[in-house]
There are 2 protein chains.
Amino acid sequence: MKVGLDVGGTKTDAVAVDHTGRIVARVRIPTGWGADAVTRTVIDAVDALAAEGMDRAAVRSVGIGIPGQVEPGTARVVHAVNLGVDELDLAAAVGPTLGVPVRVENDVKAAALGAYALRGAGGAHPATMAYLNLGTGVAAGIVARGRLWRGAHGTAGEVGHISIDPAGPLCRCGQRGCIEALAGGGAIAERWAGAGALPVLEVFDAADAGDPAARQLRAGLARGVGAAVRVLVLTADVDVVVLGGGLTALGERLLADVAAELAESAEASPFMRSLRLGERVELLPPGSPAAALGAALVGAAGEAQNETEETLVHG
Amino acid sequence: MKVGLDVGGTKTDAVAVDHTGRIVARVRIPTGWGADAVTRTVIDAVDALAAEGMDRAAVRSVGIGIPGQVEPGTARVVHAVNLGVDELDLAAAVGPTLGVPVRVENDVKAAALGAYALRGAGGAHPATMAYLNLGTGVAAGIVARGRLWRGAHGTAGEVGHISIDPAGPLCRCGQRGCIEALAGGGAIAERWAGAGALPVLEVFDAADAGDPAARQLRAGLARGVGAAVRVLVLTADVDVVVLGGGLTALGERLLADVAAELAESAEASPFMRSLRLGERVELLPPGSPAAALGAALVGAAGEAQNETEETLVHG
C-alpha cells in the first residue's frame, strides 16, 4: 500500500493506493499555514486515511506533492509561498512519525504522473503527455513513456514565463506578455475589479454579460492556454495536453474558449492545422485524484514493486 | 567503422568514424538536385571517403542526415524541398550499392546528437542539451543523457513556429511573429532588399553602417534566437543550447547580439536572471563535423558495439 498526498493552498487531498494501482481510500482535510502546520497536516492526513479504514501496517511509502520548488534528489521544499513555507525538509519532518520512506515532489510534476497513470487506466497510455496546470500560476509537467521529464535543473515544464506578446501585460516575473500574465488565475484576479472568492468565474460571467474588460481578460486566458499548448506540442511533441488545476473548475466553458483559440490558429496556418491541436487537449475530470495519486507513485519510486510501477515513477 | 553523411542543400559532408568515436576521414562534395542525384551523391560521398584512405571493408553502417521529414522508424524522406526531393526511401535507394545497413534521420536531429558527442569529448557531457539550427529555417534537436527526444510524432524541437509576437511579421506557415519569421535566414533574406549571396551577412554589415531596415532585421534575429533559447530552457530545461547552422558563420557577431538580448531580458526579470541563459548558449565551431558525426551515430544505432554508443544513438 502506498499513500499519496497533494498538499494544496487550502486543502490537502490524500489517497491510499493498493498494489494494483487502485485507490482504496481518499480523504480531504484543510491545509495548515506555515512549516509546522504543513508538517502537522501531512501527519493528520495519513491518520485520516487510517480512520477511513486504511491498514496502517500495510503502508510502505508516503509521497507528497507540494506547490513549491523541491530541490532535485532531496525532500527540501523551498519557496512554497502559498503555504507560508520558505524552506522545509518535509521528509525529515514527518518521516520519524510516519515510520516509512517519504518522498516529496513539486505538485504539478506529481499531478502529471498521476494524470498519465489515470489516462492509461484503460490501457491507452499516450507515448508522451503534458499536464498543464492552470491555477494561480501556469506550469506544466511532461511525461514520456511513464517517466517525468525533469531536465537539467528539475524545472522542465515552466512554460508560464514564456513571453508571447511584447506588448502584453506585465508579469510578476518582470517580463511582458508571459503566458502566466495572460492565463494565470493570480494575474487575472489582480486585473479584475471584482472582489469575489472566484474572480475567474466572475470574469467568465461578466464576459458573457458583455463587459468589455472581462471579455478581454477571458480572451487573454484562452490565448495564454492556447500558446502553452502550442509550446508544449512544438517543443516536446507531446501527444496529449491534459488541463488541470483550479481554473479547470470552469469546465467546458474554458475548454470551448481554448478550442476556439486553437481553431483560429489552425485556420490561419496549414502547419498548425496539421498538428490537430484541438484533438490533443483534454480536461482532467473535476475532483480527479491525479495529484495525490501521482504523489503516491513518486513516494513508491524507491520500491519498484513491479515493472509497471518502476516505469511509472522513475524520473 | 561507421560512415556518417550530412546531406546539405549545396554540399554533402561525410565522415568515417572508428570504434573509439574518432573521425578518421572526412570529405565534402557538392549535393545533387532531385531524388536520383541525391542518391548518387550519397554513393559518391562514400566512394570519396574510400579514396581518402577509408577501409571500405571495415564499414559496418552508413547514417544519413537530411533536411526533410523522415517518417519515424523508416528511411523515407518526405518534403526535402531544398534538395528537390518530394519523397525518397533513401535506404532502399543506396542500400544495395553500399551493402551495409543504412539509417536516415532529419539533419537537425542528427546534428544534435553529433554536437552532444563532440561537446562530451572531454568527458563533460551536459545532462540535457538542445542544438538550435539557424539556417533557412529555425529548428532544434533535444538530447538528454545521450538520447534524442523525439516526442510522439518525431517533431520535437520545432520551436521555429512558436509565435512570440502577434504583431510580428507574417511567417510562411501562416502565423504572425513566429520565431522563424524573425530569425530564419529565409525570412530575413525575403525582407532584405539586397540581392547578394549572403543576405544575412549583408544585413549585419548594413546594420553596422546604420541602415534602419537592417538594424530592425538584425534586432529581430537576436529576438528570435533569444526567444528560442528561453523556450528550450523553460520547456525542456536543457542545460546548454548550442547554436549551429548557416547563420552561425556570423560567429561572435551573432553570439554578441544574442547575449545582449538575453541580458536585456535578465535585467527586466529576476526569474530570467536566475536561469543564467547567457552562460548556457554556445556556438558550434565553424566547420564542425557535428551533423555528419551525428549521422554516423544514427547509422550505427543498430549495432550497439558498446555501451557508450548504445546510449548515444538510441532515440
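Owing to the predicted nature of the structure, the values given are computational and were not obtained by experimental measurement. (Residues numbered from 1 in each chain as written. Chains lettered and ligands numbered in written order. Predicted model: local features only at pLDDT ≥ 70, side-chain atom pairs only at ≥ 80, totals over all residues.)

**Brief notes about the domain arrangement of chain A**
Residue and element names in this part refer to chain A. Assigned domains of chain A: these are domain 1 (2-111 + 289-313) and domain 2 (123-283). Spacing between the C-alpha centres of domain 1 and domain 2 amounts to 27 Å. In this assembly, eight residues from domain 1 lie in contact with eleven residues from domain 2. Only α3 (107-119) and α12 (307-313) provide two or more residues apiece to the side of domain 1 that touches domain 2. It is α3 that provides the largest number of residues to the side of domain 1 that touches domain 2, a total of three residues. For the side of domain 1 that touches domain 2, a count of residues per class yields five nonpolar, two polar and one charged. (Domains from an automatic or database assignment. Contact = placed C-beta atoms within 7 Å. Helix = DSSP H or I, 4+ residues; strand = E, 2+ residues; numbered from the N terminus. Nonpolar A, V, L, I, M, F, W, Y, C, P; charged D, E, K, R; others polar.)

**Quick look at unusual backbone geometry**
A positive phi is found at D237 of chain A, a non-glycine position, where the angle reads about 50°. Looking at the element boundaries, D237 of chain A is found in the loop between α7 (212-236) and β12 (240-244). Even without being a glycine, H79 of chain B presents a positive backbone phi close to 55°. Relative to the elements of secondary structure, H79 of chain B occurs in strand β6 (residues 76-80).

**Observations concerning the relation of the copies chain B and chain A**
When chain B is brought onto chain A, the operation consists of a screw motion whose angular component is 180° and whose axial shift is 0.0 Å, with 0.0 Å RMSD remaining. Both chain copies can therefore be described as sitting about a two-fold axis. (Least-squares fit on C-alpha atoms with pLDDT ≥ 70 in both.)

**Details of the sheet that holds strand β12 (residues 240-244) of chain B**
Residues and elements named next belong to chain B. If you trace the five strands from one edge of the open sheet to the other, you get β11-β10-β9-β12-β13, paired in mixed fashion. With one partner strand each, in any of the chains shown, β11 (147-148) and β13 (281-283) form the two edges of the open sheet. The pairing of β12 with β13 spans three bridges and is classified as parallel. The partner of L243 across the bridge, within β13, is L283. Sheet contacts for helix α3 (residues 107-119): β9 (128-134), β10 (138-144), β11 and β12; angle to β10, the most-contacted strand, approximately 50°. (Pairing = 2+ DSSP bridges. Axes fitted to C-alpha atoms, helices over the stretch in contact; angles between N-to-C directions.)

**What to know about the sheet that holds strand β7 (residues 85-89) of chain B**
Residue and element names in this part refer to chain B. Reading across from one edge, β5-β6-β7 is the order of the three strands in this open sheet, with antiparallel pairing throughout. Strands with a single pairing partner mark the edges of an open sheet, and in this sheet they are β5 (69-70) and β7. In this sheet, β7 lies alongside β6 in antiparallel orientation, the contact comprising four bridges. Residue pairing in the sheet places A80 in a bridge with V85 of β7. Helix-sheet contacts for helix α2 (residues 90-98) involve β6 and β7, and the interaxial angle to β7 is about 50°.

**Topic: the interface of chain B and chain A**
Opposite the 36 residues of chain B that make contact, chain A presents 36 residues. If you list the elements that add at least two residues to the side of chain B that touches chain A, you get α7 (212-236), α8 (252-268) and α9 (270-274) of chain B. By residue number, the principal contributor to the side of chain B that touches chain A is α7 of chain B, which donates six residues. In the side of chain B that touches chain A, the residues fall into 19 nonpolar, twelve polar and five charged.

**What about the pairing of strand β3 (residues 23-30) of chain A?**
Residues and elements named next belong to chain A. The pairing of strand β2 (residues 11-17) with β3 spans seven bridges and is antiparallel. Within β3, the position partnered with D13 by the bridge is R28. Turn length for the β2-β3 hairpin, with the two strands adjacent in sequence and antiparallel, is five residues, and the turn residue G21 shows positive phi of about 95°.

**Some details on helix α11 (residues 290-299) of chain B**
Within α11 of chain B, ten of the ten residues are buried, which leaves it mostly tucked inside the rest of the structure. Among the residues of α11 of chain B, A290, A291, A292, L293, G294, A295, A296, L297, V298 and G299 of chain B are the ones counted as buried. (Buried ≥ 20, exposed ≤ 12 C-beta atoms within 10 Å, placed from the backbone.)

**Quick notes on the confidence of the model for chain A**
Close reading of the predicted structure is inappropriate where its pLDDT is low. All names here are of chain A. Predicted confidence across chain A gives a mean pLDDT of 91, with 95% of residues reaching 70 or more. When the criterion is pLDDT under 50, residues 304-315 qualifies, and its contacts beyond four places in sequence or with other chains add up to 20 contacts. Per the prediction output, this complex has pTM 0.92; the corresponding ipTM is 0.90. (pLDDT = per-residue confidence, 0-100.)

**Digging into the environment of M54 of chain A**
Residues and elements named next belong to chain A. Its place among the elements puts M54 in the loop between α1 (35-51) and β4 (61-66). Along the backbone, M54 and A259 are 205 residues apart, and their C-alpha atoms lie at a distance of 41 Å. Not counting chain neighbours up to four residues away, the residues in contact with M54 comprise M1, A16, V24, A25 and L49.

**Overview of the nonpolar core**
The biggest cluster of nonpolar side chains holds 212 residues, and the ones touching the most others in it are L90, A228 and L232 of chain A together with L90, A228 and L232 of chain B. Not counting the four nearest positions on each side in its chain, L90 of chain A is found in contact with V42, I64, I66, A75, V77, V102 and V104 of chain A. (Core = buried A, V, L, I, M, F, W, Y, C linked by C-beta atoms within 7 Å.)

**Observations regarding the packing of helix α6 (residues 199-208) of chain B against α7 of chain B**
All names here are of chain B. Direction vectors running N to C along α6 and α7 enclose 120°, while the axes themselves pass 8 Å from each other. Considering their axes alone, α6 and α7 lie oblique with respect to each other. You can see that α6 and α7 cross each other, and the crossing is left-handed. Counted together, V203, F204, A206 and A207 of α6 and A214, R215, L217 and R218 of α7 form the full contact between these two elements. Class assignment for the residues of the contact of α6 with α7 results in six nonpolar, no polar and two charged. (Parallel < 35°, antiparallel > 145°, perpendicular 65-115°, else oblique. Left-handed = near helix turned anticlockwise from the far one by under 90°.)

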